[in-house]
Amino acid sequence: VTRHLVLADSDAEALAIARRAYAPWYRHLRQRGRKQGSRPTTNFAPDFDELRRGGQGFAGSPATMRELLRADAAASGATYYVCRFAFGDMTLQESRHSLDLLVRDVMPVLAAL
């Protein structure tokens, strides 16, 4: 499965980053298709809140992300994830911090299951 993932020190911070960064990412995706004279073949939601409701995007603190990913893996049966940690206008610092939190605080717990 593929997911947009944003981790931050709090749920509110992660969601704010995800909402802000997703908007230009989606706009660019749609614009690229129009410039090429075709519609994108992807079926992404137009905003991060809708993406999140559809289960394709997660944003939260490490504790929240552990629960979201655990539930997602159980429901989907997925054993392999392809995640977008850098999209839209996310800064390098935001992307790296998100990935660092996943590696340090989420993956060890999930790997132990």
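For the structure, check the block above.
Residues numbered from 1 in each chain as written. Predicted model: local features only at pLDDT ≥ 70, side-chain atom pairs only at ≥ 80, totals over all residues. Heavy atoms only, no water.

Draft legend 1. Examining the sheet that holds strand β1 (residues 2–7) more closely. Spatial ordering of the open sheet is given by β2-β1-β3, a layout of 3 strands whose pairing is parallel. If you trace the sheet from one side to the other, it starts and ends with β2 (57–60) and β3 (82–84), each paired once. For this sheet the average axis-to-axis angle between neighbouring strands, irrespective of direction, equals 30°. Here β1 pairs with β2 via 4 bridges, running parallel. Bridging across to β2, V6 finds its partner in A59. (Pairing = 2+ DSSP bridges. Helix = DSSP H or I, 4+ residues; strand = E, 2+ residues; numbered from the N terminus. Axes fitted to C-alpha atoms, helices over the stretch in contact; angles between N-to-C directions.)

Draft legend 2. Summary view of the pairing of β1. Of all 6 residues in β1, 5 are buried; the element is thus mostly enclosed. Across 3 bridges, β1 lies against β3 in parallel orientation. Following the sheet pairing, R3 is matched in β3 by C83. (Buried < 20%, exposed > 50% of the residue type's maximum accessible area, 1.4 Å probe, protein only.)

Draft legend 3. The arrangement of the packing of aromatic side chains in detail. Under the defined criterion, the tally for this structure stands at 5 aromatic pairs. Plain terms: the ring middles of Y22 and Y26 are 6.1 Å apart, the flat faces sit at 20° to each other, and that makes the pair stacked. Taken as a pair, Y22 and Y26 lie in helix α1 (residues 11–35) at a separation of 4 residues, close to a single helical turn. In terms of burial, Y22 and Y26 fall into one category: buried. Members of the aromatic cluster, joined through ring pairs, are Y22, W25, Y26, F44, F48 and F87. (Phe/Tyr/Trp six-rings, centres within 6.5 Å; stacked < 30°, edge-to-face > 60°.)

Draft legend 4. Representation of a nonpolar patch on the surface. Together, L99, V103 and M107 give the surface a local cluster of nonpolar side chains, amounting to about 250 Å² of exposed area. Among the secondary structure elements, M107 is positioned in helix α4 (residues 92–111). (Patch = residues over 30% accessible without salt bridge, like charges linked within 9 Å, V, L, I, M, F, W, Y side chains within 5 Å. Areas by Shrake-Rupley, 256 points an atom, 1.4 Å probe, with all protein chains shown as cover. Salt bridge = Lys/Arg side-chain N within 4 Å of Asp/Glu carboxyl O.)

Draft legend 5. Just the layout of surface pockets, in detail. Its volume calculated, the largest pocket comes out at about 330 Å³. Lining the largest pocket we find 15 residues, and of these L69, Y81, L102, M107 and L110 sit closest to its centre. If you list the elements that add at least two residues to the lining of the largest pocket, you get α3 (62–76) and α4. When residues of the lining of the largest pocket are assigned to their parent elements, the largest contribution, 4 residues, is made by α4. (1 Å grid on protein atoms, 1.4 Å probe; cavity = no way out; pocket = protein on both sides within 12 Å on 5 of 7 lines; lining within 4 Å. Points joined across faces, edges and corners; volume = space filled by probe spheres on them.)

Draft legend 6. Up close: the pattern of salt bridges. Within the structure shown, the criterion is met by 7 salt bridges. Its salt-bridge partner being D72, residue R3 comes within 3.1 Å of it at the nearest N-O pair. With R3 in strand β1 and D72 in helix α3, this residue pair connects regions lying 69 residues apart in the sequence. The class for D72 is buried, based on a relative accessible area of 12%. The partner of R52 in a salt bridge is D49, and the shortest N-O contact between them spans 3.6 Å. Placement of the pair is R52 and D49 together in helix α2 (residues 48–53), with a separation of 3 residues, close to one helical turn. The class for R52 is partly exposed, based on a relative accessible area of 35%. Accessibility expressed as a relative area gives 22% for D49, which makes it partly exposed. Overlapping salt bridges bring together R19, D49 and R52 as one network.

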